[in-house]
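Summary of structural features
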Amino acid sequence: MLTQAELDKRGLKVTLIEHPLVQHKLTLMREKTQSSTAFRSLLREISWLLCFEVAKDLPMRMKDIETPVEPMQAPVLDGKKLAFISILRAGNGLLDGMLDVIPSARVGHVGLYRDPETLEAVEYYYKVPHSMSERLIVVVDPMLATANSAAAAVQRLKDGGAVNMRFVCLIAAPEGIEAFNKVHPDVPIVTAAVDSHLNDHGYIVPGLGDAGDRIFGTK
Ligand code: PRP
Ligand code: URA
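Now for a description of the structure that goes with this document. (Residues numbered from 1 in each chain as written. Chains lettered and ligands numbered in written order. Predicted model: local features only at pLDDT ≥ 70, side-chain atom pairs only at ≥ 80, totals over all residues. Heavy atoms only, no water.)

1. Focus on the site of ligand 1
Selection criterion: When at least one non-hydrogen atom of a residue lies within 4 Å of a molecule or strand, that residue is treated as near it. Polar contact is defined as a pair of N or O atoms within 3.5 Å, subject to the rule that within protein one atom must be able to donate a hydrogen and the other to accept it, and that residues adjacent in sequence are counted only when both atoms are side-chain atoms. Shrake-Rupley sampling with a 1.4 Å probe provides the accessible areas, and residues are treated as covered by the protein chains on show and by no other component. The way it works is that DSSP assigns letters per residue, a run of H or I at least four long becomes a helix, a run of E at least two long becomes a strand, and they are numbered from the N terminus.
Ligand 1 sits among 15 residues. The nearest are Arg114, Asp141, Thr146, Ala147 and Ser149. Within the side chain of Arg114, one N or O atom sits 2.7 Å away from an oxygen atom of ligand 1. Taking Ala147, its main chain carries an N or O atom lying 2.8 Å from an oxygen atom of ligand 1. Protein chains shield 91% of the accessible area of ligand 1, which is 500 Å² for the free molecule. Only strand 5 (106–114), strand 8 (143–144) and helix 5 (148–159) provide two or more residues apiece to the shell around ligand 1.

2. Considering the site of ligand 2
The condition is simple: Here the nonpolar group is Ala, Val, Leu, Ile, Met, Phe, Trp, Tyr, Cys and Pro; Asp, Glu, Lys and Arg are the charged ones; every other residue, Gly included, is treated as polar.
Neighbouring residues of ligand 2: Arg114, Met143, Ala145, Gly202, Tyr203, Ile204, Gly209, Asp210 and Ala211. In the model, an oxygen atom of ligand 2 is placed 2.8 Å from a nitrogen or oxygen of the Ala211 main chain. Protein chains shield 88% of the accessible area of ligand 2, which is 230 Å² for the free molecule. Per-class residue counts for the shell around ligand 2 are 5 nonpolar, 2 polar and 2 charged.

3. Focus: the nonpolar core
Applied cut-off: Residues belong to one nonpolar core when they are buried, are Ala, Val, Leu, Ile, Met, Phe, Trp, Tyr or Cys, and are joined through side-chain atoms within 4.5 Å. Each residue's exposure class comes from its accessible area (1.4 Å probe, protein chains only) as a fraction of the maximum for that residue type: buried when under 20%, exposed when over 50%, partly exposed otherwise. In what follows, residue pairs with any heavy atoms lying within 4.5 Å of each other are defined as contacts.
Counting residues in hydrophobic clusters, the biggest one holds 38 residues, and the most contacted among them are Leu50, Phe84, Leu170 and Leu208. Among the secondary structure elements, those contributing two or more residues to this core are helix 2 (20–30), helix 3 (36–54), helix 4 (91–101), strand 7 (136–140) and helix 7 (211–216). Sort the elements by how many residues they give to this core and helix 3 lands first, with 7 residues. Those residues in contact with Leu50 that lie beyond four places of it in its chain are Ile17, Leu94, Met98, Val168, Cys169, Val190 and Ala192. In terms of nonpolar packing, the next biggest core, distinct from the first, is built from 30 residues, Phe167, Cys169, Ala172 and Val187 among them.

4. Some details on helix 6 (residues 174–183)
Heads up, the rule is: When we speak of the arc, we mean the arc of directions from the helix axis to the C-beta atoms.
Restricting attention to buried positions, one finds in helix 6 the residues Pro174, Gly176, Ile177, Phe180 and Asn181. In a view along the axis of helix 6, the buried residues occupy a sector of 160 degrees, so they form one face of it.

5. A short note on the environment of Lys56
Its location among the elements puts Lys56 in the loop between helix 3 and strand 2 (60–66). Of note is the side chain of Lys56, whose polar atom sits 2.9 Å from the side chain of Glu53.

6. A few points about helix 5
The test is simple: What a helix is expected to span follows from its residue count: subtract one and scale by 1.5 Å.
Spanning 12 residues, helix 5 covers 16 Å between terminal C-alpha atoms, matching the ideal 16 Å at 1.5 Å per step. Listed as buried for helix 5 are Ser149, Ala150, Ala151, Ala153, Val154 and Leu157. One or two steps after helix 5, the chain reaches Gly161, where phi turns positive at roughly 110 degrees.

Printed below as a string of structure tokens:
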């Protein structure tokens, strides 16, 4: 696993969440004996902490309220509701926890799967909220491997009007960060870990295997 200092040295633009709770929970998730139930719960818990990081500079405004003691001006979120965009299927594992933290967010879905031969992303579904250009768009998918899926999803969202975007994942490969930085330098990446490399099948090493299968128990 690479540290933030090592990533900076290699010129990879990414924010690593090194919080001990995130790291502990991720280690539990990686273990191959972990049940789908535990895997899903841990992913949900980690996504709370990732959500706090990605939302840390949301615009605020002051609002007049009255406490039981006296009136005051207090801060509330400003602007159009942000939108979470889940890259199906595995993105839904992160989405659930994000919605625990920001229940009023809008939600969109981009259905993509990786062709096992070419590793290219193939789109099969697209549905997103209106007024994309006016919202902060947070794209979620646990794995950034070649980055073909994330890059295709973000391009599709840009074509649909999105301008202010962030990408949140659980584990990224250096190859994926480099590729994503190249095509979408304007979209910051937030991740809990950056692993060693990709294997010949485009899987992250050591990674955690197939995120979708582990979330939904399909293998
Ligand atoms: C996984 C993962 C990402 C993609 C990452 O999805 O959830 O979307 O692979 O790989 P990439 O960076 O090389 O594109 P998968 O295609 O297995 O589909 P699934 O979520 O439906 O299981
Ligand atoms: N998709 C996954 O689910 N895992 C990987 O390691 C790579 C792509």
